[in-house]
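# Structural description and commentary
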Amino acid sequence: MPNRTTLTDDQWNTFYGLLVLNRRVYVGSIEKCRCFLNAVLWILRSGGQWRLLPESLGKWNSVFKRFSRWCDHGVWRSLHDGCRRHPDLQQVLIDSTIVRAHACAAGAAGSNAENEALGRSKGGFTTKIHALTDALGNPLDFILTAGQASDIGQAEALLQLTPAGAAALLGDKGYDSDDFVRAILAKGMQPVIPPRSNRIAPRECDWFVYKERHLIECFFNKIKHYRRVFSRFEKLAQNYMGFIRFVSALIWLR
């Protein structure tokens, strides 16, 4: 059985090649850098507290500070972007998922819940992940909001993150808006969004293409196998996003 809390040689070689090209990263000892990534992967997989990090993976406080520094410098995003090669842009998919936030995620110093994408919804204290994937369900980009935020409120922001060349955009009924449909058409893409039941003049929808929308739900299922994503413990939104970016890079390397 493979050890799911340790990077494979192929994963490490890919990450190392990207890290040495990043000016914001001091790799130093190759062995220690790989151990650091394995430590973050252990936290990501297990959902354990930083203080419970096994001693064999390094001092928890040093690992946490380095992880936070990489979040601040955009290193995890660069790993995601570096692994995101040749996306299938036959269509792109958008959707969102709600994540329960632990009580310890509140109270970021010098900030507030709104700035850290925390809020109250029917699910309680939550964060919402708005995701954009390619036609195969591979992650392209994300936006974090408070749990009570609407899907349509982030739709045009996700549209702006869509790579050039995408042929169609798939979304559920939550994205059925005349303004949003016009924005999709203005980008030269076909909207594949079912009309709401209360529409006076329902739009046409390509139901055959719409069947592929399940792939973004499969993507959410994949990232929620990582316990640190399944439940949010991070006070800072950028730290939580760091974990999401790391998971996304791992998914692209499968």
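Residues numbered from 1 in each chain as written. Predicted model: local features only at pLDDT ≥ 70, side-chain atom pairs only at ≥ 80, totals over all residues. Heavy atoms only, no water.

### Here we look at helix 2 (residues 30-46)
In this model helix 2 runs 24 Å from its N-terminal to its C-terminal C-alpha over 17 residues, within 8% of the 24 Å that 1.5 Å per residue would give. In the segment just after helix 2, Gly47 is the residue with positive phi, at about 75 degrees. (Helix = DSSP H or I, 4+ residues; strand = E, 2+ residues; numbered from the N terminus. Expected span 1.5 Å × (residues − 1).)

### Here's the deal with the packing of aromatic side chains
Throughout the structure, instances matching the rule amount to 15 aromatic pairs. The interplanar angle of 45 degrees and the centroid separation of 5.4 Å between the aromatic rings of Trp50 and Phe67 together place this pair among those described as tilted. In this pair, Trp50 sits in the loop between helix 2 and helix 3 (60-72) while Phe67 sits in helix 3, placing the two residues 17 residues apart along the sequence. One exposure class covers both Trp50 and Phe67, and it is buried. (Phe/Tyr/Trp six-rings, centres within 6.5 Å; stacked < 30°, edge-to-face > 60°. Buried < 20%, exposed > 50% of the residue type's maximum accessible area, 1.4 Å probe, protein only.)

### Here's the deal with helix 1 (residues 9-19)
For helix 1, the set of buried residues is Gln11, Trp12, Phe15, Leu18 and Leu19. Buried positions in helix 1, seen along its axis, are confined to an arc of 130 degrees and lie on one side of it. Along helix 1, the residues that are exposed and aim more than 90 degrees away from the buried face are Asp9, Asp10 and Asn13. In the core, the buried residues of helix 1 are packed alongside helix 2, helix 3, helix 4 (75-83) and helix 10 (237-252). (Arc of directions from axis to C-beta. Contact = heavy atoms within 4.5 Å.)

### Brief notes about the packing of helix 8 (residues 214-223) against helix 10
Contact geometry for helix 8 and helix 10: axes closest at 10 Å, N-to-C directions at 115 degrees. Comparing the axis directions of helix 8 and helix 10 gives the class roughly perpendicular. Viewed along their axes, helix 8 and helix 10 form a crossing whose handedness is right-handed. Contacts from Phe219, Lys222 and Ile223 in helix 8 reach Val247, Ser248 and Ile251 in helix 10. Grouping the constituent residues of the contact of helix 8 with helix 10 by class yields 4 nonpolar, 1 polar and 1 charged. (Axes fitted to C-alpha atoms, helices over the stretch in contact; angles between N-to-C directions. Parallel < 35°, antiparallel > 145°, perpendicular 65-115°, else oblique. Left-handed = near helix turned anticlockwise from the far one by under 90°. Nonpolar A, V, L, I, M, F, W, Y, C, P; charged D, E, K, R; others polar.)

### Quick look at the nonpolar core
Ranked by size, the top nonpolar core spans 75 residues in total, and within it Leu37, Trp76 and Phe246 carry the most contacts. The element best represented in this core is helix 10, accounting for 11 residues. Look past the residues within four positions of Leu37 in its chain and what remains in contact with it is Leu7, Trp12, Phe15, Leu19, Trp70, Trp76 and Phe246. (Core = buried A, V, L, I, M, F, W, Y, C linked by side-chain atoms within 4.5 Å.)

### What about the environment of Ala155?
Structurally, Ala155 can be placed in helix 5 (residues 155-160). Separated by 93 residues in the primary sequence, Ala155 and Ser62 have C-alpha atoms spaced 38 Å apart.

### Topic: the pattern of salt bridges
Under the definition given, this model contains 13 salt bridges. Between Asp81 and Arg84 there is a salt bridge, with the nearest N and O atoms lying 3.6 Å from each other. Among the residues examined, Asp81 registers a relative accessible area of 28% and is labelled partly exposed. You can call Arg84 partly exposed: its relative accessible area is 27%. Between Arg213 and Asp95 there is a salt bridge, with its nearest N and O atoms 2.7 Å apart. Taken together, the residues span a long stretch of sequence, with Arg213 in the loop between helix 7 (207-210) and helix 8 and Asp95 in strand 1 (residues 92-101) at a distance of 118 residues. (Salt bridge = Lys/Arg side-chain N within 4 Å of Asp/Glu carboxyl O.)

### Thoughts on the packing of helix 4 against helix 10
A pair of packed helices is characterised by two quantities: the angle between their axes and the separation of those axes. Relative orientation of the contacting elements helix 4 and helix 10 amounts to 20 degrees, with a least axis distance of 8 Å. Between helix 4 and helix 10, the angle falls in the class roughly parallel. Of the two possible hands of crossing, helix 4 and helix 10 adopt the one that is left-handed. Contact residues: Trp76, Arg77, Leu79, His80 and Cys83 in helix 4; Gly242, Arg245, Phe246, Ser248, Ala249 and Trp252 in helix 10. Its residues placed into classes, the contact of helix 4 with helix 10 shows 6 nonpolar, 3 polar and 2 charged.

### Side note on the pairing of strand 3 (residues 124-133)
With 10 of 10 residues buried, strand 3 is to be regarded as a mostly interior element. One ladder, built from 8 bridges, connects strand 1 with strand 3; its direction is antiparallel. Directly across from Ile94, in strand 3, lies its bridge partner Leu132. In this sheet, strand 3 lies alongside strand 2 (residues 119-121) in antiparallel orientation, the contact comprising 3 bridges. Residue pairing in the sheet places Arg120 in a bridge with Phe125 of strand 3. Two strands pair when backbone bridges link them, and strand 3 and strand 4 (residues 139-146) are joined in this way by 7 bridges, in the antiparallel orientation. Bridged to Thr133 within strand 4 is Pro139. (Pairing = 2+ DSSP bridges.)

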